[in-house]
There are 4 protein chains.
Amino acid sequence: MNTLGRLFSVSILGESHGHAVGIVIDGCPSGVSIAAEDFTEDIERRKPGAKGTTPRKEDDLPEIISGVFNDKTTGSPITILFRNNNTRSTDYEKQRAVPRPGHADFVASKKFGGYEDYRGGGHFSGRLTVALVAAGVVAKKVLHKKKRDLKIQADILEIGGESDLEKGLQKAIDEKDTIGGIVECKVSGLPIGLGEPFFDSAESLLSHAVFSIPAVRGIEFGTGFLAAKMFGSKHNDAIENMEGKTTTNHSGGIIGGITNGNELICPQSFLLLN
Amino acid sequence: MNTLGRLFSVSILGESHGHAVGIVIDGCPSGVSIAAEDFTEDIERRKPGAKGTTPRKEDDLPEIISGVFNDKTTGSPITILFRNNNTRSTDYEKQRAVPRPGHADFVASKKFGGYEDYRGGGHFSGRLTVALVAAGVVAKKVLHKKKRDLKIQADILEIGGESDLEKGLQKAIDEKDTIGGIVECKVSGLPIGLGEPFFDSAESLLSHAVFSIPAVRGIEFGTGFLAAKMFGSKHNDAIENMEGKTTTNHSGGIIGGITNGNELICPQSFLLLN
Amino acid sequence: MNTLGRLFSVSILGESHGHAVGIVIDGCPSGVSIAAEDFTEDIERRKPGAKGTTPRKEDDLPEIISGVFNDKTTGSPITILFRNNNTRSTDYEKQRAVPRPGHADFVASKKFGGYEDYRGGGHFSGRLTVALVAAGVVAKKVLHKKKRDLKIQADILEIGGESDLEKGLQKAIDEKDTIGGIVECKVSGLPIGLGEPFFDSAESLLSHAVFSIPAVRGIEFGTGFLAAKMFGSKHNDAIENMEGKTTTNHSGGIIGGITNGNELICPQSFLLLN
Amino acid sequence: MNTLGRLFSVSILGESHGHAVGIVIDGCPSGVSIAAEDFTEDIERRKPGAKGTTPRKEDDLPEIISGVFNDKTTGSPITILFRNNNTRSTDYEKQRAVPRPGHADFVASKKFGGYEDYRGGGHFSGRLTVALVAAGVVAKKVLHKKKRDLKIQADILEIGGESDLEKGLQKAIDEKDTIGGIVECKVSGLPIGLGEPFFDSAESLLSHAVFSIPAVRGIEFGTGFLAAKMFGSKHNDAIENMEGKTTTNHSGGIIGGITNGNELICPQSFLLLN
């Protein structure tokens with residue numbers, strides 16, 4: 001299904017070249033301040049049109065359809081749409097005949113019997129990530145209202161194997177190609193105890209969400225794949241005091257599927273589509 | 001929650017040193033042959049006591065409590081228990097005072113207010129993976145009955161950085177330590193079209209399940225973290241014919257969150273606890 | 001949550017006097033014909049403005065935002081909005097001060113801390129049932145495509161205690177009051193075997209859905225409350241042949257929580273709000 | 001599925017004449033006192049063998065398999081089994097040939113292809129309600145620990161149309177028949193605000209649960225079916241003060257799908273099987 005989350009639940013909808021893409025958020029507490037301009041900063045960060053990105057330009061103005069009244073959330077479902085204005089639907093019959101490698105064109109056609117909206121990837125398009133960004137903005141506002149002093153950060157560690165990001169990007173531009181990279185997500189200020197043993201481990205829930213982002217190819221926590229070469233005695237983070245303070249953080253903030261109060265560290269590899 | 005899956009749903013239960021560990025499977029079709037001896041082979045593979053593993057020995061005989069009648073599934077929930085016979089509950093008060101690094105002792109105590117069954121990791125124990133194995137045995141029988149000709153395989157690629165596995169294992173034995181490694185899971189024979197765009201992408205669902213296994217630190221699909229260094233044009237698997245046949249399989253059998261008929265390739269790093 | 005259903009899942013959204021009300025349908029198969037005019041007939045049936053109903057008039061034109069391409073469902077989420085054009089937001093401050101009896105004004109204010117959209121009942125408004133009607137239209141189209149030859153029918157049995165419905169309605173008009181009644185829902189053509197033992201019994205699932213309609217006060221299946229006065233031997237429907245044919249249908253088409261191939265009979269009492 | 005509830009989730013399992021019936025409870029907070037003897041009182045109330053009930057006798061001793069340590073819940077899943085000791089499996093081949101009217105024998109056979117455990121109703125048996133009782137005992141203990149001063153009560157209002165219950169019961173005994181009746185469930189002390197608008201209305205959630213009990217044929221809230229004969233002005237409960245106090249309670253404690261602080265009143269009709 002196109003829904004994620006049990007208490008704060010998000011449902012994604014829309015197609016790249018249809019009327020709109022959007023998100024419905026259920027379970028958001030009432031009384032959270034939400035205005036259209038609150039989305040601007042994060043939406044700008046993902047916006048196509050910057051150096052090395054797709055030239056498609058959209059205004060990406062959030063249209064808040066429901067769940068907000070007098071600029072506060074009401075407790076009922078929040079619906080946010082982003083209209084698709086800049087859609088050029090030409091040449092798509094050609095695309096049908098020759099499905100693009102690395103894209104969902106072929107599998108979508110098989111899965112949906114040829115009824116899928118094939119224009120620009122349709123429901124599979126990276127265009128829908130604008131709706132994920134909107135959901136993230138609301139989520140951060142909820143955390144802020146709850147006085148959770150979290151610091152959530154995502155940094156590109158390398159592009160095309162280069163830690164000098166300009167250089168990596170230029171490689172792709174020179175080759176008129178797309179390119180891969182590694183993003184590292186860090187969260188500090190998490191309480192001890194999030195996650196459940198086994199099926200709702202913190203790693204399970206986070207990886208489930210992260211792999212819904214098109215282009216992600218791998219995820220690890222803490223030392224991740226490096227742990228494969230380590231002895232347990234070297235990897236284990238010694239607990240120093242009753243608050244669980246550790247000197248090292250090889251586990252990346254999650255032990256036994258549960259957050260341990262350390263910084264959550266979660267690198268992800270990605271490959272942009274061309 | 002301790003439940004995974006929407007149609008074939010598994011719920012895990014039990015503690016390392018309590019009465020039993022087990023699994024409840026809901027949604028299994030009726031008429032699938034299940035007998036206690038069907039579990040033997042896979043249970044033997046995970047059994048402690050082999051070279052380099054924990055010395056704890058359990059008979060690990062599945063006790064089928066419900067859902068099976070005349071050696072066939074009935075369509076109602078299947079409950080399988082494994083009694084804990086070989087439990088030595090001594091010395092656990094000491095463990096409470098000094099939570100083991102790399103284990104869930106500390107976070108469990110914080111999360112459950114000190115009421116957790118702390119003996120041997122309790123509900124967090126690797127002992128519970130015997131229940132996962134049992135669920136896997138039933139799942140494979142369902143696929144077999146449905147005439148899905150799947151080949152599911154999991155191989156250890158390296159241990160402690162050594163592709164010579166004996167050598168890697170010996171390093172750990174010599175050091176009286178635990179050690180990490182990489183397991184690669186491969187599935188061939190999957191139909192085209194499994195997975196949903198976005199939140200139930202095949203990668204999302206698989207990583208959710210895999211990270212419920214204690215010790216897993218990272219997961220990737222296809223080229224995974226190597227994709228971070230690649231150009232899109234090199235990574236994309238060219239589609240050769242109308243059946244979606246590709247020469248390369250960099251994507252590891254999943255495109256746009258949907259299986260494409262290629263072999264699913266999914267390496268996972270792990271670190272065993274000591 | 002505002003979502004119902006596991007395979008064909010509907011999420012309701014919107015407020016009476018906000019921008020729109022609507023529904024998101026996830027899990028609808030691809031290739032089902034859907035056009036705006038398909039909704040007209042059923043929407044007309046619930047439309048306010050008819051004799052004895054609220055004078056509010058809305059065009060109630062469905063705006064299909066996503067999930068439909070070339071008049072066929074694509075397999076991705078279907079979003080249908082109904083804009084609120086005819087909203088008069090005046091006098092609502094007065095309503096806040098004096099919550100209307102028989103309405104959700106008071107409980108909504110307590111539940112959502114005063115942040116609820118209180119205009120005309122907001123998210124609690126009967127206005128949202130237009131979205132339920134739209135979901136029903138899509139559901140019927142899915143059944144039709146699957147060649148399920150179902151006959152689904154809902155009849156008003158009595159209004160204000162009168163089986164002469166004109167008479168009952170006139171009583172309410174004369175009194176300038178609202179009034180109760182009984183609707184009987186019947187479905188013929190159901191296959192044997194729908195529903196699950198215990199928590200997803202057919203009665204459980206149907207009553208869950210029916211009580212989401214504001215105004216419903218009671219539901220029964222088959223003889224329902226009359227069964228309270230019956231002997232088992234008189235109530236039990238004798239099975240005549242191997243196809244499960246019965247002469248009587250006291251159970252209303254459901255035995256042990258499972259449909260038995262007889263006509264489903266499900267009377268519901270309701271009371272309209274004033 | 002055989003699971004109910006999102007935060008406090010119960011999964012039912014077992015068959016009448018198999019090894020055991022039982023319940024798995026997930027989401028129960030840690031630190032709740034649970035001992036085998038806590039179940040005695042409520043289990044005695046449902047026990048067969050009393051006047052006018054089935055002569056089958058079971059010890060009905062709860063076997064707590066997991067989730068309880070030192071007589072307190074641990075926060076991990078609680079598994080409670082009731083062994084079936086008093087099972088006579090004879091004569092069941094005859095039953096297969098002639099499915100009992102009013103029982104699930106026929107539909108179970110159709111639904112599960114003849115693989116169902118047909119002995120004594122199998123998974124459909126009223127025997128499984130002992131597991132529901134056990135879940136109720138744990139739920140009441142959670143409420144008690146949370147200092148919810150709830151009074152939960154279920155009374156038989158009439159049997160076989162007689163409010164003199166002895167008389168109604170005697171009618172059934174004289175006829176060697178089973179008989180119907182009405183149970184009224186009342187809960188006082190509920191907070192204002194439980195339930196969600198639309199699909200998770202308090203009525204939806206309660207009726208979903210209640211109809212999982214075999215034998216229930218109808219449910220109503222407050223005035224229920226009587227509301228069908230009432231004017232809205234007579235039915236609406238006037239709100240007297242800012243705490244939502246009302247003089248009448250026609251709505252039975254639920255307005256707009258949300259509890260309003262009044263006593264919850266929920267009559268249910270039932271018919272016992274013979």
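Residues numbered from 1 in each chain as written. Chains lettered and ligands numbered in written order. Predicted model: local features only at pLDDT ≥ 70, side-chain atom pairs only at ≥ 80, totals over all residues. Heavy atoms only, no water.

## So, the interface of chain D and chain C
The test is simple: Every residue pair with non-hydrogen atoms within 4.5 Å of one another is taken to be in contact. We define buried area as the total accessible area lost by two parts upon association, computed with a 1.4 Å probe and summed across both. Should a side-chain nitrogen of Lys or Arg be within 4 Å of a carboxyl oxygen of Asp or Glu, the pair is scored as a salt bridge. Identification of polar contacts relies on pairs of N or O atoms within 3.5 Å, with a donor-acceptor requirement for protein atoms, meaning one able to donate a hydrogen and the other able to accept it, and with residues adjacent in sequence counted only if both atoms are side-chain atoms. Pairing between two strands is assigned when DSSP locates at least 2 bridges connecting them. Where helices and strands are cited, they refer to DSSP runs of H or I of at least four residues and of E of at least two residues respectively, numbered from the N terminus.
Every contact between the two is made by 89 residues of chain D and, on the other side, 87 residues of chain C. At the boundary of chain D with chain C, total buried surface from both sides reaches about 7200 Å², with 65% on carbon and sulfur atoms. Linking chain D with chain C are six salt bridges. A salt bridge links E203 of chain D to R217 of chain C; the nearest nitrogen and oxygen atoms lie 3.1 Å apart. Where chain D meets chain C, there are 41 residue pairs in polar contact (both at pLDDT 80 or more). By the bridge criterion, three bridges tie strand β10 (residues 216-220) of chain C to strand β10 (residues 216-220) of chain D in an arrangement that is antiparallel. Of the residues in β10 of chain D, the one forming a bridge with I219 of chain C is I219 of chain D.

## Things to note about the pattern of salt bridges
The line we're drawing: For the exposure calls, accessible area comes from a 1.4 Å probe over protein chains only, and a residue counts as buried if that area is under 20% of its type's maximum, exposed if over 50%, partly exposed in between.
According to the stated counting rule, one finds 60 salt bridges over all chains in the structure shown. A salt bridge links K229 of chain A to E158 of chain B, with the nearest nitrogen and oxygen atoms 3.1 Å apart. In this pair, K229 of chain A sits in the loop between β10 (216-220) and α7 (232-235) while E158 of chain B sits in strand β8 (residues 151-159), so the two residues belong to two different chains. One salt bridge in this structure joins D105 of chain D and R100 of chain D, with 2.7 Å as the shortest N-O distance. The class for D105 of chain D is buried, based on a relative accessible area of 13%. Each member of the salt-bridge network shares a partner with another, and the members are E63 and R83 of chain A together with E63 and R83 of chain C.

## Quick look at the sheet that holds strand β1 (residues 3-4) of chain A
The strands that make up a sheet pair up through hydrogen bonds in the backbone, lying either parallel or antiparallel. Residue and element names in this part refer to chain A. What counts is decided by this rule: Lines fitted to C-alpha atoms define the axes here, with helix axes fitted over just the stretch in contact, and angles between the N-to-C directions of these axes take values from 0 to 180 degrees.
The strand order across the open sheet formed by five strands is β1-β2-β3-β7-β4, and the pairing between neighbours is antiparallel. Where the open sheet ends on each side, the last strands, each with one partner, are β1 and β4 (63-66). Alignment of strand β2 (residues 9-14) against strand β3 (residues 20-26), held across six bridges, turns out to be antiparallel. Bridge assignment links V10 to a residue of β3, and that residue is I25. Together, β2, β3 and β7 (78-83) form the strand contacts of helix α4 (residues 129-145), whose direction differs from that of β3 by roughly 30 degrees.

## Here we look at the sheet that holds strand β7 (residues 78-83) of chain C
All names here are of chain C. Overall, antiparallel pairing links the five strands, which are arranged β1-β2-β3-β7-β4 in an open sheet. Single-partner strands in this sheet number two, and they are β1 (3-4) and β4 (63-66). Bridge count between β4 and β7: three bridges; the pairing is antiparallel. Within the sheet, the bridge partner assigned to S66 lies in β7 and is T79. Sheet strands in contact with helix α4 (residues 129-145) are β2 (9-14), β3 (20-26) and β7, and its direction is about 30 degrees off that of β3.

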